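# Coordinate analysis (summary)
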Amino acid sequence: MKNKKLAKVLGTLTAGLMMFSTATFFPGHSEKNEDGTYTLTEDMKSELLGIDEEDGYFLGAASQFSVFLRDDFAAYGSDCEGRLACGGNANLGNPTSYSVGARLEGDDTTAKIVVGGDTLINFQPNGKRMVMGENKEIGQEIKDHMQNDECQVYVGELIDFDAEFDLLEERSQYLKELEPNAVVEVQEYYAKGWTIKGEDKNLNVVNLTSDQLKTFLDGYLELSIQIPTGSYLVINVPGEEVSMPSTNMKIYDESGVLIREGGENMPVLYNLTDAKEFKYTGSIQGSTLAPNADASGDEGGHVAGATIAKSFSGGIQFGYSAFNPKYLVPEDVTTTTTSTTTTTTTTTTTTTTTTTTTTTTTTTTTTTTTTTTTTTTTTTTTTLASVSINKIDPQGNSVYGAELSLTGKDTSGNPITFSDGQITIGSRGRIINGTGEKLVWTTGFAPAVIMVEDGTYTLHEESAPEGYIAADDIVFEVSNGVIVGRENVDMVDETTTTTTTTTTTTTTTTTTTTTTTTTTTTTTTTTTTT
């Protein structure tokens, strides 16, 4: 592609965090067919796709979806919290009721599921709009909801997947060929601790070396990314078979101030141009662009980023992220053209002299008024504390599956409202509600890390796992960006104790033996005769 045609504009990342509500559904723009479907018409396409022109985004139509595939989608567990589109058929996996779009806003009228093929099965349909290319097979649960006007299925081509993936292949190749302008710094004694630094205000690019690739493929990375606010980072990952690591990602601005720790919609893209296969091995932050790769993922992890691939089969959970900048181009390849237009005005004055002398005196007074506007900008910086919340048993072991909640009040006594990205969950944990006045999550095998402002917080156990007793509430204070009186928040669940009482009855038998002794006395009489 021609880099000079790329405008110097960066889009913002989409984030939606309200749970989907199945309220009264929107009527179709066309008459319902006898089978309960609607015929897709031109005037419906923009509303169902969610954008007027997909060409306005660097990744085209894929920019609007959390999962965007050229071929089939087959999930064997978990869910997709955002939108899903595939050019083939779906869902060919095992779950009979796979959830899609649960973390999107309730008034969103876009199609949550788009299938280019003719098979639409194994989805939770309630309150959703869906699109399929042709109607060959629709799951019975979906049909039942269609007949009750609890979901809508449109038949027709909403997305030209072949054309979109031609664009994605071109974009991926373009990113691969960019000159790297960011650096990877590896910790001296910890090869899995990376700091990536870039200074470009638009796009920062890293090409992994052979040694860095070995570490990347080895299962886990701690990533500290320092780039200007509003910019993006592309990590070019070589190879035909790629194992995606679990990550713990932190984003810093150009001054080194921590902006975000974990969460959805990170400004990071893993570019796998040459990959034929890739696999998610655990929870990861950042989006993946692999237009020619068959993707898979183990059950138990969470992908906090968009997945763009050839196909998918597996059980990992997809978040609600979408990677949707308008353009990705470094500053040094942006061409700005300035046109200067000079206008010359020529005034011709004709003076006529007669014999009559007339003296005219004209006085011109020019008054210039200068208005000075002074703008004062006040910047308020909120210092956030990183609070590690551990759920453990009396022996200090992690307790998996407890449902916890956190609420807080600021220093003025007002309820604190949490924003997206403030909570990061440990392995196998799950966020139930990540925004608003109450955070709710289930515990995993590692602590949850929450970024909080100054105030007073209450940690409450909503429910304890089987075999444990719910702990009492813990109230803690954060002041000047530090937890008061403690380093971490440890909530201990006592185990339930089963007492078995055994009663033993002892019977004592006493035997008395009587011994009879018979004594025989013999008397001898002696007679003497004189």
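Model, not experiment: these values are computed from the prediction. (Residues numbered from 1 in each chain as written. Predicted model: local features only at pLDDT ≥ 70, side-chain atom pairs only at ≥ 80, totals over all residues. Heavy atoms only, no water.)

### Details of the overall build of the protein chain
Looking only at helices and strands, the protein chain features four helices and 38 strands. Looking at the 530 residues of the protein chain, the share that counts as buried comes to 45%. Across the protein chain, the fraction of contacts at a sequence separation of at least 24, relative to all contacts at a separation of at least 6, is 62%. As displayed, the protein chain offers around 28400 Å² of accessible surface, 45% of which is attributable to carbon and sulfur atoms. (Helix = DSSP H or I, 4+ residues; strand = E, 2+ residues; numbered from the N terminus. Buried < 20%, exposed > 50% of the residue type's maximum accessible area, 1.4 Å probe, protein only. Contact = heavy atoms within 4.5 Å. Areas by Shrake-Rupley, 256 points an atom, 1.4 Å probe, with all protein chains shown as cover.)

### Considering empty space enclosed by the protein
Taken as a whole and judged by the stated rule, the model has one cavity of 30 Å³ or more. Each pocket or cavity is described by its volume, and for the largest cavity that value is around 30 Å³. Every residue lining the largest cavity is counted, 11 residues in all, and those nearest its centre are N265, M266, S287, G305 and S321. The residue inventory of the lining of the largest cavity, partitioned by class, reads six nonpolar, five polar and no charged. (1 Å grid on protein atoms, 1.4 Å probe; cavity = no way out; pocket = protein on both sides within 12 Å on 5 of 7 lines; lining within 4 Å. Points joined across faces, edges and corners; volume = space filled by probe spheres on them. Nonpolar A, V, L, I, M, F, W, Y, C, P; charged D, E, K, R; others polar.)

### Quick notes on the sheet that holds strand β29 (residues 423-424)
Sheets are built from strands that pair by backbone hydrogen bonding, the pairs being arranged parallel or antiparallel. Across the sheet, which stays open at both edges, the four strands sit in the order β29-β32-β27-β37 with mixed pairing between neighbours. Each edge of the open sheet is held by one strand with a lone partner, namely β29 and β37 (489-492). Pairing of strand β27 (residues 385-392) with strand β32 (residues 448-452) involves five bridges; the strand directions are antiparallel. Following the sheet pairing, S388 is matched in β32 by V449. (Pairing = 2+ DSSP bridges.)

### Thoughts on the sheet that holds strand β36 (residues 482-483)
The antiparallel open sheet is built from six strands, whose spatial order is β30-β31-β28-β33-β35-β36. Edge positions in the sheet fall to β30 (430-433) and β36, since each of these pairs with one other strand and no more. Relative to β36, strand β35 (residues 474-479) runs antiparallel, the two being bridged by two bridges. Across the sheet, S479 pairs through a bridge with V482, a residue of β36.

### Observations concerning the packing of aromatic side chains
Tallied over the full model, the rule gives 14 aromatic pairs. Ring geometry for Y98 and F123: centres 6.2 Å apart, planes at 70°, overall edge-to-face. Placement of the pair is Y98 in the loop between β5 (84-86) and β6 (99-100) and F123 in the loop between β8 (119-120) and β9 (129-132), with a sequence separation of 25 residues. With relative accessibility at 1%, the residue F123 sits in the buried group. Through successive ring pairs, a cluster of aromatic residues spans F73, Y98, F123, F312 and F318. One residue, K326, lies across the ring of Y57, its end atom 4.1 Å from the ring centre. (Phe/Tyr/Trp six-rings, centres within 6.5 Å; stacked < 30°, edge-to-face > 60°. Lys NZ or Arg CZ within 6 Å of the ring centre and 35° of its normal.)

### Details of helix α1 (residues 42-49)
Residues of α1 that are buried include every one of M44, L48 and L49, and no others. Taken around the axis of α1, the buried residues stretch over an arc of 120°, which confines them to a single face. At the exit of α1 stands G50, carrying a positive phi of roughly 100°. (Arc of directions from axis to C-beta.)

### Topic: the nonpolar core
Soluble, globular proteins show a tendency: their nonpolar side chains are buried together. Ranked by size, the top nonpolar core spans 56 residues in total, and within it F73, Y270, F278 and F318 carry the most contacts. Leave out the neighbours within four places in its chain, and F278 touches V242, M244, L272, T288, A290, A293, D294, A295, S296, T307 and A309. Within the second largest apolar cluster, 37 residues are counted, among which are F65, Y174, V234 and L289. (Core = buried A, V, L, I, M, F, W, Y, C linked by side-chain atoms within 4.5 Å.)

### Let's talk about the confidence of the model for the protein chain
Of the residues in the protein chain, 77% have a pLDDT of 70 or more, and the chain-wide mean is 80. Within the model, the stretch residues 334-379 combines pLDDT values under 50 with four contacts to residues more than four positions away or in other chains. Counting contacts from residues 498-530, a segment whose pLDDT is below 50, to residues more than four positions away or on other chains yields zero contacts. (pLDDT = per-residue confidence, 0-100.)

### What about the environment of N414?
Summarising the element assignment, N414 is placed in the loop between β28 (403-409) and β29. Taking the C-alpha atoms as reference points, N414 and G455, separated by 41 residues in sequence, lie 9.3 Å from one another. If we skip the residues at most four places from it in the chain, N414 touches G408 and K409.

### Some remarks on the environment of N265
Here N265 lies in the loop between β19 (258-261) and β20 (268-271). A polar contact of 3.2 Å, which involves the side chain of N265, links it to the backbone nitrogen of A322. (Polar contact = N/O pair within 3.5 Å; in protein donor to acceptor, adjacent residues only side chain to side chain.)

### Focus: unusual backbone geometry
Each neighbour pair has its own omega, and for A90 with N91 the value is -15°, a cis peptide bond. Inspection of the secondary structure assignment puts N91 in the loop between β5 and β6. Positive phi, normally seen in glycine, also occurs at N265, with a value near 55°.

### Some words on the pattern of salt bridges
Considering all chains together, one arrives at 14 salt bridges under this definition. Here E42 and K45 are joined by a salt bridge, their closest N and O atoms 3.0 Å apart. Of this pair, E42 and K45 both sit in helix α1, three residues apart, roughly one helical turn. Residue classification places E42 among the exposed residues on the basis of a relative accessible area of 62%. Close ionic contact of R70 with E169 constitutes a salt bridge, the shortest N to O distance being 3.3 Å. Pair noted here: R70 is in the loop between β2 (67-69) and β3 (73-75) and E169 is in helix α3 (residues 161-177), with a separation of 99 residues, a long-range link. In this structure, a network of salt bridges that share partners links the residues R70, D162 and E169. (Salt bridge = Lys/Arg side-chain N within 4 Å of Asp/Glu carboxyl O.)

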